Amino acid sequence: QAFQLAAAYVSDAQFARNIPFQTARRCIWYYRLYTRWVTWGPMYVFLALNLALAFLETPAKPQLESPLWVTMLLESLCLVAFSSRLVHLAKFTERSVFWKDPKNICVLVTIILTVIDMVIYVALTHSGYYIVRWSRALRPLFVINFSESRQLRRSFRNIRRTLPEILGVLVLFLFSIAIFSLMAFKLFGKRHLITGEGKPYFQNYFNIFFELYVLVTTSNSPDVMMPAYNSSSWYAIFFIIYIVVNTYLFMSIFLAVVYNNYRKHLKNEVRNSVFSKRRTMAKAFGILRERLGEGWAVSQQSWMQLVGMAVPSMSQAQRLLLWQVSDEEHTGHIGKQAFVRLTDLLNIEVIETRGRQHPLQSCAPRVYSSAASQALRHVVHHRFFRYFFDGVILLNAGFIAGDEASLAIRQAEWLFLGLYVLEILLKLYTYEPQTFFSRSNFWNWFDVMIVISALLATIIVHSIQDARPTTSTQILDFLLILRVLRLLRIVESFERFRVVIHTMINIGPTMVTYAGLIMVFYYTFAILGMELFQGKIRFFPAGSADAQPFCGNPLLNGSKFYNEKYCKNNFNDLSSSFVLLVELTVVNQWHDILPGFVAVTNVGARVYFILFHMIVVILVINIFIAFILEAFILEYTLDKGETESAIEKKIQELGLGIAEEDVAGNGMVLVDNMETQDQEPRDAEASKPADSRIMFKISDRRYRTVDTLLQRMFEEELAPEYEGPYDDHEDIDVRPQQLTLDNLV
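What counts, and where the lines are drawn
- Residues numbered from 1 in each chain as written.
- Predicted model: local features only at pLDDT ≥ 70, side-chain atom pairs only at ≥ 80, totals over all residues.
- Heavy atoms only, no water.
- Helix = DSSP H or I, 4+ residues; strand = E, 2+ residues; numbered from the N terminus.
- Buried < 20%, exposed > 50% of the residue type's maximum accessible area, 1.4 Å probe, protein only.
- Contact = heavy atoms within 4.5 Å.
- Areas by Shrake-Rupley, 256 points an atom, 1.4 Å probe, with all protein chains shown as cover.
- 1 Å grid on protein atoms, 1.4 Å probe; cavity = no way out; pocket = protein on both sides within 12 Å on 5 of 7 lines; lining within 4 Å.
- Points joined across faces, edges and corners; volume = space filled by probe spheres on them.
- Nonpolar A, V, L, I, M, F, W, Y, C, P; charged D, E, K, R; others polar.
- Phe/Tyr/Trp six-rings, centres within 6.5 Å; stacked < 30°, edge-to-face > 60°.
- Lys NZ or Arg CZ within 6 Å of the ring centre and 35° of its normal.
- Expected span 1.5 Å × (residues − 1).
- Polar contact = N/O pair within 3.5 Å; in protein donor to acceptor, adjacent residues only side chain to side chain.
- Axes fitted to C-alpha atoms, helices over the stretch in contact; angles between N-to-C directions.
- Left-handed = near helix turned anticlockwise from the far one by under 90°.
- pLDDT = per-residue confidence, 0-100.
- Pairing = 2+ DSSP bridges.
- Salt bridge = Lys/Arg side-chain N within 4 Å of Asp/Glu carboxyl O.
- Patch = residues over 30% accessible without salt bridge, like charges linked within 9 Å, V, L, I, M, F, W, Y side chains within 5 Å.
- Core = buried A, V, L, I, M, F, W, Y, C linked by side-chain atoms within 4.5 Å.
- Domains from an automatic or database assignment.

### Comments concerning the overall build of the protein chain
Secondary structure assignment for the protein chain yields 35 helices and five strands. Burial status across the protein chain gives 46% buried among its 745 residues. Considering only contacts in the protein chain between residues 6 or more positions apart, those separated by 24 or more positions represent 75%. Here the protein chain displays about 37500 Å² of accessible surface, and carbon together with sulfur accounts for 63% of that area.

What follows is the structure in structure tokens.
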């Protein structure tokens, strides 16, 4: 039980979980079950299903719209799953802690409100009344408030804490637009100018304010200034000053304020997370510590058993590697400071492999070891081998750009495919197959899949070209796309490109968090948009039997919205709403889209679009940019070798790491000083065959969790504060609770 409790603490610290649980045996069992993928994996399925219901509910595309009982049944299943997860959480959490947690209260209230809305909606719908399903806009609250979404909650907390600093700049920004709008009203209001569409120009103050707000996004430039500019060239000075002040100055200040304050709050979040992690590890240390002289320590045996329980998938050899990094003095015991660092070690992704003989070395040793075979393998190892096939890919790109109907080009494609297949066969002959297809060799998998797909597609094209020419043309288009994708392989040949690509891969998981943040706002605004504007604008495909003019609404007669064929930009279903919101995020031509919705409703529709622009474009997108700047700079400098964590340095000092040039040469450093759990002597290890040696290298992805990357972002700035948890005057002593009647109740 002690090791189970310590393993739970280590797992919490590794994945930055902060879920309070009771330490009784039954509670520990419930908690470990709660954190396993068997229970949290289905939660992601139900969360996705709950959000996806909007694709099936009215309004929806005709081919997707489902009966009311189907969507209600699916939503009920989701609510049951959410309630079960909440009950499971209550099984191992103290009652007072459970009911004081705002996340639990929010989920429970959202479930109750959703059930009430479902009952009212079903009753009134069957009675023939129309009612708004307002609870659909609450569905993202489930995504945010369950424990699995802690990164998303952290992003929302940072936005909430950043808002007060931004509001001051926002008010000043709107005040600037108001002043310029008043000046424009006085300058142009009595000039009786006419726009290009024949409408009065700048004769209503609120219309002027809106047009100048849109001008900040440059969407209506230079259209908005042309009537005044045509009247007098001097009027251009007004618009130039306005653009400099509001578009360039204020928007830059927005980015600077968002970046500075968001970075500050993110730093505080990371610091609190690190301190919480260290306190959790101190609890685990308090459980397993043993008296050693005048201090406390954890033995190697206890440490190995703990890591085996916390990370069952980790091999014995990798545990020994991490122990050697922790036990710097080789005493067989580690103190609190080294023990607390365990989570940092676990979060660095280390790839383990064994040096294996090539199968041909075992099957035909004389042939594989012959001079001709060695010469061939030497050619494949040489860098000019890669250069040659990079040149072949570039030459193939020229043929792809040509006319695929040409007989010469079709025949040349067979030649290129033959060369690609030959390249893969030569590499498989040279490199051990399991190493060649290991998880870390992404580009090898990419090459093989592209070549095999292209080969199969080419065979299919030539097989059915005479019988079904239309289908063969479609398959040929797919084939050409596959071959174009192989051009990406050249990127790996250039170091600068490789650094950028690897950096994008490393920050990818964190970018997914912010993509989820944006999707939450998209989903909420899409639901609101469908309730406000559904059916107001309709799209009719060409040749449709029930086609109606003016996007199905006579109010759009003569509007630019209709003349520009924007009818498909509507809120009649979730997918169309998402596409429209993406267009609004880009902000290009949104001044042409918005008047269409104003025409079919009223001028109040502008509030919806302006709110979306302020929240998503100005606030959330700028926060996303701020994080990308910080994370990319960190990862970019890491890939160039300018910054490394103390743990990575220690691994390299022990000779257990591998340099980038060794990876390129398919070489790995042998770990010769590894010992077995039974303390096997080194000469016994040396006597083992070469194919039993264990090899390690740090993965290009480096980090297993998002929290580790965030910690690295502020490691240097917060380093002095991180010593605080190590200076505690007395260690935390946490023991599992004995099961008694009192603590059971």
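### A word on the layout of surface pockets
Sizing a probe to match a water molecule and rolling it over the atoms shows the empty space that remains. One number sums up the size of the second largest pocket: a volume of about 940 Å³. If you go around the second largest pocket, you meet 30 residues; those closest to its centre are Thr195, Glu197, Lys199, Glu211 and Pro595. Sorting elements by how many residues they give to the lining of the second largest pocket places helix α28 (residues 590-600) first, with seven residues. Considered class by class, the residues forming the lining of the second largest pocket number 13 nonpolar, ten polar and seven charged.

### Considerations on the environment of Phe436
Position of Phe436 among the secondary structure elements: in helix α21 (residues 433-436). With residues up to four places along the chain from it excluded, the contact list for Phe436 reads Lys427, Leu428, Tyr431, Asn441, Asn444 and Val448.

### Topic: the packing of aromatic side chains
According to the stated counting rule, one finds 48 aromatic pairs in the structure shown. It is Arg377 that lies over the ring of Tyr368; its NZ or CZ is 4.1 Å from the centre. The aromatic ring of Phe210 is capped on one face by Arg606, whose charged end is 4.3 Å from the ring centroid.

### Regarding helix α9 (residues 205-216)
Its twelve residues place the ends of α9 17 Å apart at the C-alpha level, agreeing with the 16 Å of an ideal helix rising 1.5 Å per residue. Of all the residues in α9, the buried ones are Ile208, Phe210, Leu212, Tyr213, Val214, Leu215 and Val216. Sitting at the amino-terminal end of α9 is Asn204, which places a side-chain oxygen 3.0 Å from the backbone nitrogen of Phe206. Immediately beyond the C-terminal end of α9, within one or two residues, lies Thr218, with a positive phi of roughly 65 degrees.

### So, the packing of helix α1 (residues 2-14) against helix α2 (residues 25-34)
Where α1 contacts α2, the two axes come as close as 10 Å, and the packing angle between them is 35 degrees. In the crossing of α1 with α2, the sense of the turn from one axis to the other is left-handed. On α2, the residues touching Gln4, Leu5, Ala7, Ala8 and Asp12 of α1 are Ile28, Tyr31 and Arg32. When grouped by side-chain class, the residues that make up the contact of α1 with α2 number five nonpolar, one polar and two charged.

### With respect to the packing of α2 against helix α4 (residues 68-92)
Packing of α2 against α4 brings their axes to within 8 Å, and their N-to-C directions diverge by 145 degrees. Seen from above, α2 lies across α4 with left-handed handedness. Residues Arg26, Cys27, Tyr30, Tyr31, Leu33 and Tyr34 of α2 pack against Arg85, His88, Leu89, Lys91 and Phe92 of α4. In terms of residue class, the contact of α2 with α4 is made up of seven nonpolar, one polar and three charged.

### Remarks on the confidence of the model for the protein chain
In this model, the protein chain carries an average pLDDT of 79, and 79% of its residues clear a pLDDT of 70 or more. Ranking the helices and strands of the protein chain by mean pLDDT puts α4 first, with 94, and helix α32 (residues 682-686) last, with 35. Note on residues 639-644: pLDDT under 50 across the span, and 15 contacts to partners over four residues away in sequence or across chains.

### Topic: the sheet that holds strand β3 (residues 333-334)
Read across the open sheet, the three strands follow the order β1-β2-β3; overall the sheet is antiparallel. At either margin of the open sheet sits one strand with a lone partner, and together these are β1 (290-292) and β3. The pairing of β1 with strand β2 (residues 295-299) spans three bridges and is antiparallel. Along β2, the bridge assignment pairs Leu292 with Gly295.

### Digging into the pattern of salt bridges
On inspection of all chains with the given rule, the structure shows 13 salt bridges. The shortest N-O distance in the salt bridge between Asp12 and Arg17 comes to 3.1 Å. Residue Arg17 is classed as buried on the basis of its relative accessible area of 13%. Among the ionic contacts, a cluster of salt bridges with common partners joins Glu57, Glu75, Asp117, Arg133, Arg136, Arg139 and Glu531.

### Quick word on the side chain of Thr280
Mapped onto the fold, Thr280 is located in helix α11 (residues 236-288). Thr280 gets classed as buried once you look at its relative accessible area, which sits at 12%. Residues contacting Thr280, with those up to four places away along its chain left out, are Tyr9, Asp12 and Ala13.

### Here's the deal with a nonpolar patch on the surface
Together, Trp99, Ile105, Val109, Ile112, Leu113, Ile116, Ile120, Leu124, Tyr129, Tyr130, Val132 and Trp134 line one region of the surface with nonpolar side chains, adding up to about 1100 Å² of accessible area. Top element by residues in the nonpolar patch is helix α6 (residues 102-126). It accounts for seven residues. With respect to the element layout, Val132 can be found in the loop between α6 and α7 (140-145).

### A short note on unusual backbone geometry
Working note: non-glycine residues mostly have negative phi, and peptide bonds are mostly trans. The residue after Thr58, namely Pro59, is reached through a cis peptide bond having omega 0 degrees. In this fold, Pro59 is placed in the loop between α3 (37-52) and α4. Positive phi, close to 65 degrees, is recorded for Thr218, a residue that is not glycine. Relative to the assigned elements, Thr218 resides in the loop between α9 and α10 (226-231). Positive phi values are uncommon outside glycine, yet Val587 reaches one of about 65 degrees.

### Considerations on the nonpolar core
Of all hydrophobic cores here, the largest spans 143 residues; its most connected members are Phe239 and Trp303. The element contributing the most residues to this core is α11, with 17 residues. Three or more residues apiece are contributed to this core by two domains, here domain 1 (20-146) and domain 2 (507-637). Counting residues in each nonpolar core, the second largest holds 17 residues, with Ala412, Leu417, Tyr431 and Val448 among its members.

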